[in-house]
Amino acid sequence: MAARSTVAQKRIIVYNSHNLDDNAALSEAWREREGSMGLLYALESIRTPLLDKILGAVTYLGDELCFMVFAVGVFWCISKRMGYYLMTVGFFGTILNQFLKILCAVPRPWVKDPGFTIVESARAGASGYSFPSGHTQNAVTLYGGTARYTKTPWLRWVCIAVMVLICFSRMYLGVHTPLDVGVAFAMALILLAALYPAFRTEDAMRRSMPWLIVGALALGSVFLGYVTGLRPDFAPGSEDESNLAHAVKNAWTLLGAVAALLPMYLIERTYIRFDTRAPWYGQILKLVLGLALAVGLKTMLKEPLRTLFPSGFADALRYFVLVLYAGCVWPLTFRFFARLGRKAD
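All of the points below concern the structure found in this document. (Residues numbered from 1 in each chain as written. Predicted model: local features only at pLDDT ≥ 70, side-chain atom pairs only at ≥ 80, totals over all residues. Heavy atoms only, no water.)

**Concerning helix α4 (residues 49-59)**
For α4, the set of buried residues is Asp 52, Leu 55, Gly 56, Val 58 and Thr 59. Down the axis of α4, the buried set is contained in an arc of 160°. They therefore lie on one face. For α4, the exposed residues set more than 90 degrees away from the buried face come down to Pro 49, Leu 50 and Lys 53. Residues of α4 that are buried sit in contact with α8 (134-149) and α9 (153-172). (Buried < 20%, exposed > 50% of the residue type's maximum accessible area, 1.4 Å probe, protein only. Helix = DSSP H or I, 4+ residues; strand = E, 2+ residues; numbered from the N terminus. Arc of directions from axis to C-beta. Contact = heavy atoms within 4.5 Å.)

If you want it as structure tokens, here you go:
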């Protein structure tokens, strides 16, 4: 009996040694499922086609394009100071968000756990690394910043509700974990609170704005230097290689946009000094025509600039021109839109 017991123990030891790696992997997967993935599995279990469509539409309100349209609309039509506030917080937040994505290189939930499924319609908008959530960063900056700035109670509560729904949608759709969303949420709130005093009054903004732009430019330069200096041994065509290429492109475009913000601010404040007021139909025309021309300019400049310069610098230059257009060129037409109201009277 003793001999049989000894043989059995040896067999168990050998079996365990052969399966140690598999057991560790299973334990890690189980901890992941019970931890950050636990809520995602719970949300996966309550999905319905109707909710998928509703929250799939809601999540686009945190998209980068939606952020830019909203921020530019505020800048042109409502309040230059509020527009500068949203854009400045947005630039700082986006640079920090992109920096953390490439530093931490956290894969998306369905990559970490192949057994987990996402709402397929959300896959196209979930490129790059997972941590932290870019849509959450945009949503808190845009709608949280508007809620902080406005004095209209109903608008404040609407903005807060939209902000929370967008954050929830990222987890419901399965494209981000609670950690991804929570860190981006906190980071955006901290930036909103930290930078708000610089935009509380016109005098505060006049003193602070140049220094804030210089700070954002320095941060963007560090980010660009970091991502262009990386030489990882990624397999050609791998997701990591694609994510790094995406980060490099973002770094160039962010640097170009931020670099244009300082001359735009100084030129507008010194020479243009446009008024945001216009009748409602003038505001609609101003916004729609201005954005349409911006899209056309962005498209028109792409190939000529990439023919003359390396792609990264060409992208930076293109966004430099677009920011100057938005702040110094298109506002020259605003007197015409404002006069539309007086002609009607």
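**Some words on the packing of aromatic side chains**
This model, assessed by the stated rule, comprises 20 aromatic pairs. An angle of 80° between the planes, with centres 6.2 Å apart, marks the rings of Tyr 149 and Tyr 196 as edge-to-face. Taken together, the residues span a long stretch of sequence, with Tyr 149 in helix α8 and Tyr 196 in the loop between α10 (178-195) and α11 (202-229) at a distance of 47 residues. Residue Tyr 149 is classed as buried on the basis of its relative accessible area, which comes to 16%. On the basis of relative accessibility, which here comes to 11%, the residue Tyr 196 falls in the buried class. Directly above the aromatic system of Phe 334 lies the positively charged group of Lys 286, at a separation of 4.4 Å from the ring centroid. (Phe/Tyr/Trp six-rings, centres within 6.5 Å; stacked < 30°, edge-to-face > 60°. Lys NZ or Arg CZ within 6 Å of the ring centre and 35° of its normal.)

**A look at the packing of helix α5 (residues 64-77) against helix α6 (residues 80-104)**
Interaxial distance between α5 and α6 falls to 7 Å at its minimum, and their mutual angle equals 150°. Between α5 and α6, the interaxial angle falls into the category roughly antiparallel. Contact residues: α5 offers Phe 67, Phe 70, Ala 71, Val 74 and Phe 75, while α6 offers Lys 80, Met 82, Gly 83, Tyr 84, Leu 86, Met 87 and Gly 90. A class-by-class count of the residues in the contact of α5 with α6 yields nine nonpolar, two polar and one charged. (Axes fitted to C-alpha atoms, helices over the stretch in contact; angles between N-to-C directions. Parallel < 35°, antiparallel > 145°, perpendicular 65-115°, else oblique. Nonpolar A, V, L, I, M, F, W, Y, C, P; charged D, E, K, R; others polar.)

**Concerning helix α13 (residues 280-308)**
Between its first and last C-alpha atoms α13 spans 42 Å; for 29 residues at 1.5 Å apiece the expected length is 42 Å, and the two agree. Inspection of α13 places Gly 282, Gln 283, Lys 286, Gly 290, Ala 294, Leu 297, Leu 301 and Leu 305 among the buried residues, and these make up the whole buried set. (Expected span 1.5 Å × (residues − 1).)

**Some thoughts on unusual backbone geometry**
Between Phe 131 and the following residue, Pro 132, the backbone shows a cis peptide bond with an omega angle of -10°. By secondary structure assignment, the location of Pro 132 is in the loop between α7 (109-112) and α8. Here Ala 105, not a glycine, exhibits a phi torsion of approximately 50°, which is positive. Residue classification places Ala 105 among the partly exposed residues on the basis of a relative accessible area of 33%. Even without glycine at this site, Arg 273 takes up a positive phi of about 50°. Checked against the element boundaries, Arg 273 lands in the loop between α12 (239-272) and α13. For Arg 273, a relative accessible area of 56% translates into the label exposed.

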